[in-house]
Amino acid sequence: MYKGIAGSEGIGIGNVVVIEEHEINIKRETVDEPDAEIARLQSAIEKFVTLTNEMADKMDVTVGKKDADILRGHIQMLQDPMIEEQISSLIVAEKITAEMAVEQVLEQTAEMFSQIPDELLQQRATDFRDIKTRMIKLLLGIEDVDISQVPAGTVLAARDLTPSMTAGINPDNIAGILTEVGGRTSHSAILARAMEIPAVLSIDGICSIVKNGDKVVLDGSSGEVIVNPDDTTIKAFEQKLDAFQKEKALLAKYAGKPSATKDGTKVELVCNIGKPEDAQKAVECDGEGIGLFRTEFLFMDRDSIPTEEEQFEAYKTVAETMKGKPVIIRTLDIGGDKAIPYLGLEKEENPFLGFRAVRFCLQRKDIYETQLRALIRASAFGKIKIMVPLVTCVDELRRVKAMAADIMKKLDAEGVCYNKNIEIGVMMETSAACMIADILAKEAAFFSIGTNDLTGYTMAVDRGNAKVAYLYSTYQPAVLRAIKRIIECGKKEGIMVGMCGEAAADSKLIPLLLAFGLDEFSVSAASVLKTRKTISDCDMEECRALAEKVMQCATEEEVLEILK
């Protein structure tokens, strides 16, 4: 059995088709006519744009607009004036071929993104390498991989399943996906989940382990893969598949139902989003609002700060899409760990403990005031709430509130409408915020617990460091106590306490969170119905009894033993 990252849930049973990558040989030679190479470059870019638009149009039908836009984003990335200028200048300065210049510039750009300790931004490295490979193939006349013709029951095995590869995919024919690289937020995982194809990622050397025609079974929920299984194993996975399909059909009945326990305790079940268009997916999946809109994505993949009007339209779109349901929008969570070249941020030794999030915003008031003004203006169109990330002391919250108050005075003078009672809350994700939760609760309108960072900061763990990754767990007693304290402090002051980290959708943790008194669960759109089912299966008396046992545990192992 092989183990990888669970990228897209479900059971896959089928025969392997290995996506072999063509060997690309770029001749290292100089040229006499750089102008001719620039003409070749422009021709290849034009062809890239045409083919990419065609592939995106297909994906609009097979996958959906949101995921097709990933491909359309590749066009913007390649046609970025800075990128085109760098490639053309390199051709002229060093008198090299177009493919050599493309390889150097795009690989350097990809390498820059790959060094950033943020999985979402590291995905830009995959994007640029996908663009680089496709451009070089166009320049060298190499035909791209076409997986649209694979037979039904195929399990694809590839080093990485790039957006360009998946454009012509027929989800009905693909039983599963296996890759050698990628994580939960990689395009491989995003696309697999969008197409509801089971996927296991980051299986070291899988393309060498399997060969065309091998029988494979995989579990996209546990990350397990078995190659050429015996009949008993195949039968067991067929039973798993049947159970998975029955559970999926069963979840449909929770659409439109209230999010409440067996004995009537109601909670809010809302969604995490990264782009304005994601709000529609939240509506389609029966989300009761937005618990986290990550606004930093509005600032990425561009060469200048988004204007107030651009931001206002984005926030207004989400508010209008949700039609009066709550929309919590997190202010810019950017800094030394997320590279946005035009912001001119310095590289830091330890960016996760450095100049980021609210620390950056309070020093760059030119950027922050623009965002707050756009947010406050957009509050006239829906139930927008403002959330401040990485708060470690009460002064930070007070300064944000003071800035918001000044902006409101200016809007009043201008006669601009807005919600005069707009709520400003705190994303509780640091140990410091946990320790002063009782103080923050007196001044914040709400709390939202970010368990991903709260776990890392509480356990003093870099989750990207394999040597200490075993400590990165929300089941650790220290983390559970931090969560419980934050909720208790919020409840004591009568403010709403939500959770927007991964733990909010963890079926093992949900009973504990209910017992602690969590008011709001913010999950991915795809997890809404499954989370609602888990909540509906819970009885508060049983949850409290479970919590009492768990809070007496001394180790993660003891916690898991009880939760199982």
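Rules used throughout
- Residues numbered from 1 in each chain as written.
- Predicted model: local features only at pLDDT ≥ 70, side-chain atom pairs only at ≥ 80, totals over all residues.
- Heavy atoms only, no water.
- Helix = DSSP H or I, 4+ residues; strand = E, 2+ residues; numbered from the N terminus.
- Rg over C-alpha atoms; globule rule 2.2 N^0.38 Å.
- Buried < 20%, exposed > 50% of the residue type's maximum accessible area, 1.4 Å probe, protein only.
- Contact = heavy atoms within 4.5 Å.
- Pairing = 2+ DSSP bridges.
- Axes fitted to C-alpha atoms, helices over the stretch in contact; angles between N-to-C directions.
- Core = buried A, V, L, I, M, F, W, Y, C linked by side-chain atoms within 4.5 Å.
- Parallel < 35°, antiparallel > 145°, perpendicular 65-115°, else oblique.
- Left-handed = near helix turned anticlockwise from the far one by under 90°.
- Nonpolar A, V, L, I, M, F, W, Y, C, P; charged D, E, K, R; others polar.
- Phe/Tyr/Trp six-rings, centres within 6.5 Å; stacked < 30°, edge-to-face > 60°.
- Lys NZ or Arg CZ within 6 Å of the ring centre and 35° of its normal.
- Salt bridge = Lys/Arg side-chain N within 4 Å of Asp/Glu carboxyl O.
- Polar contact = N/O pair within 3.5 Å; in protein donor to acceptor, adjacent residues only side chain to side chain.
- Expected span 1.5 Å × (residues − 1).

Q: Help me understand the overall build of the chain, please; the structure alone is not making it clear to me.
A: From N to C terminus, the chain includes 22 helices and 16 strands. Radius of gyration (C-alpha) of the chain: 25 Å, near the 24 Å computed for a compact globule of 564 residues. Looking at the chain residue by residue over its 564 residues, the buried ones come to 54%. In the chain, the share of contacts with a sequence separation of at least 24, taken over all contacts with a separation of at least 6, comes to 69%.

Q: What should I look at first to understand the sheet that holds strand β11 (residues 326-330) in this one?
A: Around the barrel, eight strands lie side by side as β9-β10-β11-β12-β13-β14-β15-β16; this closed barrel has parallel pairing. When strand polarity is set aside, the average angle formed by the axes of neighbouring strands in this sheet is 25°. Both β11 and strand β12 (residues 383-388) contribute to a ladder of five bridges, which runs parallel. Opposite Ile328, over in β12, you have Lys385 as the bridge partner. Seen against the sheet, helix α14 (residues 394-414) touches β12 and β13 (423-428) and runs at an angle of roughly 155° to β13.

Q: How should the nonpolar core be read in this particular structure?
A: Nonpolar side chains tend toward joint burial in soluble globular proteins. Core analysis: the largest hydrophobic core is formed by 103 residues, its most contacted members being Tyr315, Phe447, Ile449 and Phe521. The biggest single contributor to this core is α14, with eight residues. If we ignore the near neighbours within four places in the chain, the residues touching Tyr315 are Phe293, Thr295, Leu298, Ile329, Gln371, Ala374, Leu375, Ala378 and Ile384. Formed by 29 residues, the second largest nonpolar core is a distinct cluster that contains Ile75, Ile87, Ile96 and Phe128.

Q: Teacher, can you tell me more about the packing of helix α3 (residues 81-94) against helix α4 (residues 98-114) here?
A: Between two packed helices, what matters for the description is the angle formed by their axes and the separation of those axes. Here α3 crosses α4 at 130°, and the two axes come no closer than 9 Å. The angle between α3 and α4 places the two elements in the oblique class. Judged by the sense of rotation from one axis to the other, the crossing of α3 with α4 is right-handed. Facing α3, whose interface residues are Ile83, Gln86, Ile87, Leu90, Ile91 and Glu94, α4 presents Ala98, Ala101, Val102, Gln104, Val105, Leu106 and Thr109. Considered class by class, the residues forming the contact of α3 with α4 number nine nonpolar, three polar and one charged.

Q: I'm lost on the sheet that holds strand β7 (residues 215-219) in this one. Help?
A: Paired through their backbone hydrogen bonds, the strands of a sheet run either parallel or antiparallel. One open sheet holds the eight strands; their spatial order is β1-β8-β7-β3-β4-β5-β6-β2, and the pairing between them is mixed. The open sheet has two edge strands, β1 (2-3) and β2 (5-8), and neither has a second partner. Two strands pair when backbone bridges link them, and strand β4 (residues 154-158) and strand β5 (residues 174-179) are joined in this way by five bridges, in the parallel orientation. Of the residues in β5, the one forming a bridge with Thr154 is Ile174. Lying over the sheet, helix α9 (residues 231-251) contacts β3 (11-18), β7 and β8 (224-227), oriented at roughly 120° with respect to β3.

Q: How should I be thinking about the packing of aromatic side chains in this particular structure?
A: Working definition: an aromatic ring pair is given by the centre-to-centre distance plus the angle between the planes. One pass over the full model with this rule turns up four aromatic pairs. Relative to Phe128, the ring of Phe113 lies with its centre 5.8 Å away and its plane at 15°, an arrangement referred to as stacked. Taken together, the residues Phe113 in helix α4 and Phe128 in helix α5 (residues 119-140) connect sequence positions 15 residues apart. The same class applies to Phe113 and to Phe128, which are both buried. Taking the ring centre of Phe237 as reference, the NZ or CZ of Lys240 above it sits at 4.7 Å. Arg377 extends its terminal NZ or CZ atom over the ring of Phe312, reaching a point 4.0 Å from the ring centre.

Q: How should the pattern of salt bridges be read in this particular structure?
A: Pairing between side chains becomes possible if they bear opposite charge and their charged atoms approach one another. Applying the stated criterion across every chain, the model contains 33 salt bridges. Residue Lys132 is joined to Glu107 by a salt bridge in which the shortest nitrogen-to-oxygen separation is 2.7 Å. Of this pair, Lys132 sits in helix α5 while Glu107 is found in helix α4, placing the two residues 25 residues apart along the sequence. Look at Lys132 and you get buried, because its relative accessible area is 11%. Since its relative accessible area comes to 22%, Glu107 is described here as partly exposed.

Q: Would you mind showing me how to read the packing of α9 against helix α20 (residues 528-536) here?
A: The geometry of α9 relative to α20 is characterised by a closest axis approach of 9 Å and an angle of 85° between their N-to-C directions. Classified by the angle between their axes, α9 and α20 sit roughly perpendicular to one another. Together, Glu247, Leu250 and Leu251 of α9 and Leu529, Lys530 and Lys533 of α20 make up the contact between the two elements. In the contact of α9 with α20, the residues fall into three nonpolar, no polar and three charged.

Q: Where do I start with the side chain of Thr534 in this structure?
A: With respect to the helices and strands, Thr534 occurs in helix α20. On the accessibility criterion, Thr534 (16% relative accessible area) is buried. A distance of 3.1 Å separates the side chain of Thr534 from the backbone oxygen of Lys530, its partner in a polar contact. Apart from residues lying up to four places away in sequence, Thr534 is in contact with Ser507 and Ile510.

Q: I tried to follow helix α18 (residues 477-492) on my own but got confused; where do I start?
A: Residues lying three or four places apart along an α-helix face the same way, a consequence of the helix completing one turn every 3.6 residues. With 16 residues, α18 should reach 22 Å at 1.5 Å per residue; the first-to-last C-alpha distance of 22 Å fits that figure. Those residues of α18 lying buried are Pro477, Val479, Leu480, Ala482, Ile483, Ile486, Ile487, Cys489 and Gly490. Of the residues flanking the end of α18, it is Gly494, one or two places downstream, whose phi is positive at about 75°.

Q: How should the environment of Ala378 be read in this particular structure?
A: Looking at the secondary structure, you find Ala378 in helix α13 (residues 365-378). The residues contacting Ala378, other than those within four sequence positions of it, are Phe312, Tyr315, Lys316 and Ile384.

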